[in-house]
Amino acid sequence: VGMTVIVDDLMKRNIFHAATFGGNIAAILRMNLSFNKYLLWTLACVFGFVVCLHGDDSIAVPIPMLSRMSTLLVLISALLRFWRKGIAFEEGWRGKTPYYR
């Protein structure tokens, strides 16, 4: 229910794609580059403020396309992270073994 409320609010404000893009980039920075979480939160607040002022439509870059591309990057990043850390896909997802060897 909570996710439905959040998505509805972002859609009404016309900032859904920008929020998705910002969240995906934050996830990539934190997971792959071990970005400082306090600096990341500060940048997320500034990004959110700017996006709320302008919305998805008035930004020069095509935000919906960037949102979709960043979602794909997060998925690829997660798969690479699983692969690098040696996570057992078949057994770990069935709950028979711990995720990390």
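It should be noted that the structure appears before, not after, this text.
A few points on the structure.

Rules and cut-offs
- Residues numbered from 1 in each chain as written.
- Predicted model: local features only at pLDDT ≥ 70, side-chain atom pairs only at ≥ 80, totals over all residues.
- Heavy atoms only, no water.
- 1 Å grid on protein atoms, 1.4 Å probe; cavity = no way out; pocket = protein on both sides within 12 Å on 5 of 7 lines; lining within 4 Å.
- Points joined across faces, edges and corners; volume = space filled by probe spheres on them.
- Helix = DSSP H or I, 4+ residues; strand = E, 2+ residues; numbered from the N terminus.
- Nonpolar A, V, L, I, M, F, W, Y, C, P; charged D, E, K, R; others polar.
- Salt bridge = Lys/Arg side-chain N within 4 Å of Asp/Glu carboxyl O.
- Buried < 20%, exposed > 50% of the residue type's maximum accessible area, 1.4 Å probe, protein only.
- Axes fitted to C-alpha atoms, helices over the stretch in contact; angles between N-to-C directions.
- Parallel < 35°, antiparallel > 145°, perpendicular 65-115°, else oblique.
- Left-handed = near helix turned anticlockwise from the far one by under 90°.
- Contact = heavy atoms within 4.5 Å.

1. Here we look at the layout of surface pockets
Then step 1. Approximately 400 Å³ is the volume attributed to the largest pocket.
Then step 2. The wall of the largest pocket is formed by 20 residues, among which Gly-22, Gly-23, Ala-26, Ala-44 and Phe-47 lie closest to the centre.
Then step 3. For the lining of the largest pocket, the elements supplying multiple residues, two or more each, are α2 (16-33) and α3 (37-54).
Then step 4. Counted by class, the lining of the largest pocket contains 15 nonpolar, three polar and two charged residues.

2. Some thoughts on the pattern of salt bridges
Then step 1. What the rule picks out here adds up to two salt bridges.
Then step 2. A salt bridge links Arg-13 to Asp-9, with the nearest nitrogen and oxygen atoms 3.3 Å apart.
Then step 3. Of the residues examined, Arg-13 reaches a relative accessible area of 49% and is grouped as partly exposed.

3. A look at the packing of α2 against α3
Then step 1. Running from amino to carboxyl end, α2 crosses α3 at an angle of 165°, the nearest separation of the two axes being 11 Å. Of the possible angle classes, the one that applies to α2 and α3 is roughly antiparallel. Regarding α2 and α3, the two cross each other, and that crossing is right-handed. Two secondary-structure elements touch here, α2 through Ala-18, Phe-21, Gly-22, Ala-26, Leu-29 and Arg-30 and α3 through Lys-37, Leu-40, Phe-47 and Val-51.
Then step 2. Of the residues contributing to the contact of α2 with α3, the split by class is seven nonpolar, one polar and two charged.

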